[in-house]
Amino acid sequence: MPADAQPIDLSGRELSTRIAELAPWFHNIDLNGTPTAPDHFLGNYPADKFARFSQIFPADLTGKSVLDIGCNAGFYSVEALRRGASRVVGIDSDDRYLEQGRLATQALGFTGVEFRNLSVYDVAQLGERFDLVIFMGVLYHLRHPLLALDLIREHVAGDAMLFQTMQQGAREVDDVPEDHPFFEPGTYQPPAYFDSPGYPKMHFIERKFSGDWTNWWAPNTAASMAMLRAAGFSVEDRADGDVYFCRVAPVPFGDYGPAAVYPSKGVNS
Ligand SMILES: C[S@@+](CC[C@H](N)C(=O)[O-])C[C@H]1O[C@@H](n2cnc3c(N)ncnc32)[C@H](O)[C@@H]1O
């Protein structure tokens, strides 16, 4: 806790009541000795996950602005505040999670954090670029994952992005050709690269994944990296198999026009 942080004055019983009122929690956060989700199905989540990739989380965020997209109860927002971030905005599409984030940061005594109900598809409304964007655990929940990355790159990414997604399939990463010949050279056979396990692949989940209908896509490692590059991010570091530290980079083929699209609505919709 930073020197100026003042925990809110909640007796242990009052805090426990408020935690229970906002249950279930997906983030197990230690609120001054009271855990929010002690029986989490993933164990001590996300603290255990964080321990496996914390070396690529910026150690010093003094004076930096941070946008935590899909912030849930704010575990990573709190980590950014602990590292000195002066402004943290957490957005999520679920009001109950945002309330959890407010309670957690208040209980821990953090100021300088704002929680807003906003979809990743609407980040343009923020009208601001952030030094660090945290985009963890959301991409596979989206029906339009590359659009989300394009919108983040176009509107809110100022310098760095910490990215994570559920992945399935091969972990090896093929070097993709700059151009893809239609046939194997000298033949009329289709080229073999698409069948290689290390070629970028997105697995489309038509129905539920682990009982959850909000899971739509699971990239393999190569596809995570390729999509990040295609959206205009360079991958500088990786940890724990599915966490990527990226920097803003030129958007490939950006000279031909913007990558993100903004479908218009019909007059009756
Ligand atoms: C698996 S949780 C990940 C939470 C946290 N970022 C983490 O890595 O632990 C996914 C979160 O994304 C939020 N979410 C889902 N779709 C979203 C959207 N379109 N825009 C913003 N948040 C979204 C969910 O409400 C949920 O809090």
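To keep things clear, this report deals only with the structure shown in the data block. No experiment lies behind these values; they were computed from the predicted model shown. (Residues numbered from 1 in each chain as written. Predicted model: local features only at pLDDT ≥ 70, side-chain atom pairs only at ≥ 80, totals over all residues.)

The subject of this paragraph is the overall build of the protein chain. Along its length, the protein chain carries six helices and eleven strands. Its C-alpha atoms give the protein chain a radius of gyration of 20 Å, within 12% of the compact-globule value 18 Å for 269 residues. Its C-alpha atoms put the protein chain at 75 × 45 × 35 Å along the principal axes. Looking at the protein chain as a whole, 36% of its 269 residues are labelled buried. Long-range pairs, those at least 24 residues apart, make up 65% of the contacts in the protein chain between residues at least 6 apart in sequence. (Helix = DSSP H or I, 4+ residues; strand = E, 2+ residues; numbered from the N terminus. Rg over C-alpha atoms; globule rule 2.2 N^0.38 Å. Buried ≥ 20, exposed ≤ 12 C-beta atoms within 10 Å, placed from the backbone. Contact = placed C-beta atoms within 7 Å.)

Across soluble globular proteins, nonpolar side chains show a tendency to be buried alongside one another. Ranked by size, the top nonpolar core spans 66 residues in total, and within it Val133 and Ile134 carry the most contacts. Top contributing element to this core by residue count: helix 6 (residues 221-231), with seven residues. Leave out the neighbours within four places in its chain, and valine 133 touches Leu67, Ile69, Ile152, Val156, Ala157 and Met161. (Core = buried A, V, L, I, M, F, W, Y, C linked by C-beta atoms within 7 Å.)

For the peptide bond that leads from alanine 23 to proline 24, omega is 0°, which places it in the cis range. Examined against the element boundaries, proline 24 turns out to sit in the loop between helix 1 (12-21) and strand 1 (30-31). Omega for the bond connecting tyrosine 45 with proline 46 falls within 30 degrees of zero, at 5°, which places this linkage in the cis form. Its identity as a non-glycine residue notwithstanding, asparagine 32 has a phi of 50°, on the positive side. Even without glycine at this site, serine 210 takes up a positive phi of about 55°. Assignment of secondary structure puts serine 210 in the loop between strand 8 (202-204) and strand 9 (217-219). Take serine 210: there are 8 C-beta atoms within 10 Å of it, and that puts it in the exposed class.

Take the site of the ligand next. Taken together, 18 residues sit near the ligand, with Gly70, Asn72, Asp94, Met136 and Gly137 positioned nearest. Its residues assigned to classes, the shell around the ligand comprises ten nonpolar, six polar and two charged. (Near = placed C-beta within 6 Å. Nonpolar A, V, L, I, M, F, W, Y, C, P; charged D, E, K, R; others polar.)

You can see valine 173 is positioned in the loop between strand 7 (157-164) and strand 8. Residue class for valine 173 comes out partly exposed when judged on the 17 C-beta atoms lying within 10 Å of it. Spatially, the C-alpha atom of valine 173 lies 6.6 Å from that of tyrosine 199, the residues being 26 residues apart in sequence.

Right, let's talk about helix 6 for a bit. Counted residue by residue, helix 6 has nine buried out of eleven residues, so it is predominantly covered. What helix 6 keeps buried is the set Thr221, Ala222, Ala223, Ser224, Met225, Ala226, Met227, Leu228 and Ala231. Of the surrounding secondary structure, the elements contacted by the buried residues of helix 6 are helix 5 (145-155), strand 7, strand 8, strand 9, strand 10 (233-239) and strand 11 (243-248). At the exit of helix 6 stands glycine 232, carrying a positive phi of roughly 95°.

Bringing the sheet that holds strand 7 into the picture now. Strand order across the open sheet formed by seven strands is 5-4-3-6-7-11-10, with mixed pairing between neighbours. Because the sheet does not close on itself, it has two edges, and the strands there are strand 5 (113-117) and strand 10. Between one strand axis and the next, the sheet turns by 20° as a mean value, whatever way the strands run. Along the sheet, helix 4 (residues 95-108) contacts strand 4 (87-92) and strand 5; its crossing angle with strand 5, the most-contacted strand, is approximately 170°. (Pairing = 2+ DSSP bridges. Axes fitted to C-alpha atoms, helices over the stretch in contact; angles between N-to-C directions.)

For the rest of this paragraph, the subject is the environment of asparagine 28. Turning to its location among the elements, asparagine 28 is positioned in the loop between helix 1 and strand 1. Accessibility expressed as a C-beta count within 10 Å gives 20 for asparagine 28, which makes it buried. Remark: the alpha-carbon pair of asparagine 28 and alanine 157, spanning 129 residues in sequence, is separated by 28 Å. Sequence-distant contacts of asparagine 28, defined by excluding residues within four places in its chain, comprise Pro35, Thr36, Ala37, Pro38, His40, Asn44, Tyr45 and Ala47.

The next point concerns the pairing of strand 10. Judged from the six bridges that link them, strand 10 and strand 11 form a sheet pairing that is antiparallel. Counterpart to serine 234 in the pairing with strand 11 is arginine 247. Here strand 10 folds back onto strand 11, and the loop between the two strands holds three residues, one of which, aspartate 240, carries a positive phi near 55°.

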